[in-house]
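Geometric and topological summary
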Amino acid sequence: MKAVNAVKPALKRSVHAASWAVGRLTSGSRVLPSFLVIGAQRCGTTSLYRVLSQHPLALKPVLRKGVHYFDTSYDRGLSWYRAHFPLRISASRLAHRYGHRPQAFESSPYYLFHPLAGPRIAQDLPGAKLIVLVRDPVERAFSAHAHELARGFETERSFARAVRLEEERLAGAAEALRDAPHSTSLAHRHHAYLARGRYAEQLARLEPLVGRDRLLVIDSGRFFAEPDLVYDRVLAFLGLPHLGDPVFERHNTRTRPGPMSRKLRRELTAYFEEQDTLLTPWLGAEPSWRR
């Protein structure tokens with residue numbers, strides 16, 4: 001059984017490599033995304049991606065949910081990125097069948113936080129619409145720590161200590177990414193527990209690049225409480241017709257290594273208060289976690 005299981009990752013890599021090779025050869029005949037789910041991490045992006053993937057006119061990437069072109073793979077070039085999406089002829093057939101233009105998309109939750117992803121998206125996908133999900137930033141940070149711990153990118157089992165280390169770990173990371181555009185930063189991507197929860201700060205950086213009318217910000221608390229209403233709002237934003245009845249499910253939940261202390265929760269709730277207030281105009285209502 002172990003031998004069989006060991007073969008699976010290698011086989012998967014081979015299939016992916018072959019698919020990318022074919023995609024590169026036909027990249028000129030493939031569509032580019034019309035919209036992106038760009039974050040935030042641990043805010044329900046996978047759940048939204050899965051439900052949108054059920055729509056016959058929402059064309060997901062050929063191999064995986066997140067291509068991560070505009071953050072960690074930009075040096076590979078636009079033809080590499082285009083290779084991940086369906087052929088134009090397939091999109092044309094769907095348009096003829098349903099009477100509406102299909103829209104390709106992907107979901108890479110690091111795009112919202114990466115300092116160069118926004119300018120790159122604005123340059124390479126002019127007119128593309130962007131969807132952002134947000135949740136209680138305290139819970140987001142706690143969930144992200146469990147996520148990174150489980151994946152091996154975090155070595156500090158104590159969430160409190162990881163939070164205390166964040167400022168030191170991230171010092172100069174964003175500037176270094178700007179100075180060396182094709183570099184990566186493990187700390188910036190995997191240890192930004194509080195920084196990624198400053199949603200309004202990230203949205204303010206993005207708005208001048210793409211315009212507010214191309215940004216849809218969703219409270220994930222409302223998404224999971226009223227999925228049908230939020231789904232209809234997303235379709236209206238994208239200009240997609242309502243076709244079929246999707247199945248709504250939660251994905252990528254993580255078991256926490258231990259409880260968060262009440263003291264730390266109070267401190268972090270106070271820390272995010274101003275950012276949560278600034279988020280209200282984007283949501284059109286007070287964030288669900290502040291009500």
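Model, not experiment: these values are computed from the prediction. (Residues numbered from 1 in each chain as written. Predicted model: local features only at pLDDT ≥ 70, side-chain atom pairs only at ≥ 80, totals over all residues. Heavy atoms only, no water.)

Side note on helix α11 (residues 199-210)
The condition is simple: Per the convention used, a helix needs a DSSP run of H or I reaching at least four residues, while a strand needs a run of E reaching at least two, with both numbered from the N terminus. What a helix is expected to span follows from its residue count: subtract one and scale by 1.5 Å. We call two residues in contact when some of their heavy atoms are within 4.5 Å.
When the terminal C-alpha atoms of α11 are compared, their 16 Å separation across 12 residues agrees well with the 16 Å that a helix rising 1.5 Å per residue should span. Looking at the buried positions of α11, the neighbouring elements they touch are β1 (35-39), α6 (117-124), β4 (129-134), α7 (137-151), β5 (215-219) and α15 (273-283). Two residues or fewer after α11 comes Gly211, characterised by a positive phi angle close to 90°.

A few points about the pairing of β4
Selection criterion: Categorising residues by exposure relies on relative accessible area from a 1.4 Å probe, with only protein chains included: less than 20% of the type maximum marks a residue as buried, more than 50% marks it as exposed, and the intermediate range marks it as partly exposed. Two strands qualify as a pair provided DSSP detects at least 2 bridges between them.
Burial within β4 is extensive, with 5 of its 6 residues counted as buried. Sheet analysis places β1 next to β4, joined by 4 bridges and oriented parallel. Its bridge partner being in β4, Val37 is matched across the sheet by Ile131. The sheet contact formed by β4 and β5 spans 5 bridges and is parallel. In the sheet register, Ile131 faces β5, and the bridge partner there is Leu216.

Focus on the packing of aromatic side chains
The criterion, for reference: Here a Phe, Tyr or Trp ring, Trp counted by its six-membered ring, pairs with any other such ring whose centre lies within 6.5 Å, and the pair is stacked when the planes are under 30 degrees apart, edge-to-face when over 60, and tilted otherwise. To sit over a ring, a charge needs its Lys NZ or Arg CZ within 6 Å of the ring centre and within 35 degrees of the ring normal.
Applying the stated criterion across every chain, the model contains 14 aromatic pairs. For the ring pair Phe223 and Phe224, a centre distance of 5.1 Å and an interplane angle of 45° mean the geometry is tilted. According to the relative accessible area criterion, Phe223 is buried, its value standing at 3%. When its relative accessible area of 27% is taken as the criterion, Phe224 is described as partly exposed. For Lys129, the ring lying beneath its charged end belongs to Phe237, and the centroid distance is 5.1 Å.

Details of the nonpolar core
Let me state the cut-off plainly: Here, nonpolar core means buried Ala, Val, Leu, Ile, Met, Phe, Trp, Tyr and Cys residues that are tied together by side-chain atoms lying within 4.5 Å of each other.
By size, the foremost hydrophobic cluster in this structure holds 56 residues, and its most contacted members are Phe70, Tyr81 and Ile131. Apart from the residues lying within four places of it in its own chain, the contact partners of Ile131 are Phe35, Leu36, Val37, Ile38, Gly39, Leu48, Leu216, Ile218, Val234, Phe237 and Leu238. Core analysis: the second largest hydrophobic core is formed by 13 residues, Val163, Leu194, Leu268 and Phe272 among them.

Brief notes about the sheet that holds β5
In spatial order, the strands read β2-β3-β1-β4-β5; together these 5 strands make up an open sheet with parallel pairing. Across the chains shown, the open sheet's two edge strands, defined by having one partner strand only, are β2 (58-59) and β5. In this structure, β1 lies alongside strand β3 (residues 103-107), joined through 3 bridges in parallel fashion. Looking across to β3, one finds that Leu36 is bridged to Glu106.

Remarks on the confidence of the model for the protein
Rule in force here: Each residue carries a pLDDT score, the predictor's own confidence in it, on a scale running from 0 to 100.
Taken residue by residue, the protein gives an average pLDDT of 92. The fraction at 70 or more is 90%. Here residues 1-7 scores under 50 on pLDDT; set against residues more than four positions off or in separate chains, the count is 0 contacts.

A short note on the packing of α6 against α11
Going by this rule: Note on geometry: axes are lines fitted to C-alpha atoms, helical ones only across the stretch in contact, with angles between N-to-C directions running from 0 to 180 degrees. When an angle is under 35 degrees it counts as roughly parallel; over 145 it counts as roughly antiparallel; between 65 and 115 it counts as roughly perpendicular; any other value is oblique. Throughout, a crossing is termed right-handed when the near helix is turned clockwise from the far one, and left-handed when it is turned anticlockwise from it by less than a right angle.
Two elements in contact, α6 and α11, have axes separated by 9 Å at closest approach and are oriented at 20°. For the element pair α6 / α11, the angle class is roughly parallel. The hand of the α6/α11 crossing is right-handed. Residues Gly118, Pro119 and Ala122 of α6 pack against Leu206, Leu209 and Val210 of α11.

Comments concerning the UniProt feature "domain: Sulfotransferase" (unreviewed entry) in the protein
Here is the rule we go by: UniProt positions are given in the numbering used here, feature names are shortened, and annotations may be inferred rather than shown by experiment.
Here the UniProt-annotated "domain: Sulfotransferase" (unreviewed entry) positions come out as residues 34-242. Across residues 34-242 one finds 51% helix and 11% strand; the C-alpha atoms that close the span lie 17 Å apart.

Describing the environment of Ser90
You can see Ser90 is positioned in helix α5 (residues 88-98). Here the alpha-carbon distance between Ser90 and Arg30, two residues 60 residues apart in the chain, equals 9.1 Å.

Regarding unusual backbone geometry
The step from Gly39 to Ala40 runs through a cis peptide bond, and the omega angle for that step is -5°. Mapped onto the fold, Ala40 is located in the loop between β1 and α2 (45-53). Unlike most non-glycine residues, Arg42 shows phi in positive territory, near 65°. Take Arg42: it is sitting in the loop between β1 and α2. Despite not being glycine, His68 has its phi angle at roughly 55°, a positive value. Structurally, the position occupied by His68 is in the loop between β2 and α3 (69-72). Under the relative-accessibility criterion, His68 is labelled buried at 16%.

So, the side chain of His68
Quick reminder of the rule: Pairs of N or O atoms are called polar contacts if they sit within 3.5 Å, as long as, within protein, a hydrogen donor faces a hydrogen acceptor (for residues adjacent in sequence, only side-chain-to-side-chain pairs).
Within polar-contact distance, the side chain of His68 engages the side chain of Asp71 at 2.9 Å. With near-sequence residues (within four places) excluded, His68 lies in contact with Ser73, Glu106, Ser108, Pro109, Tyr110, Tyr111 and Arg189.

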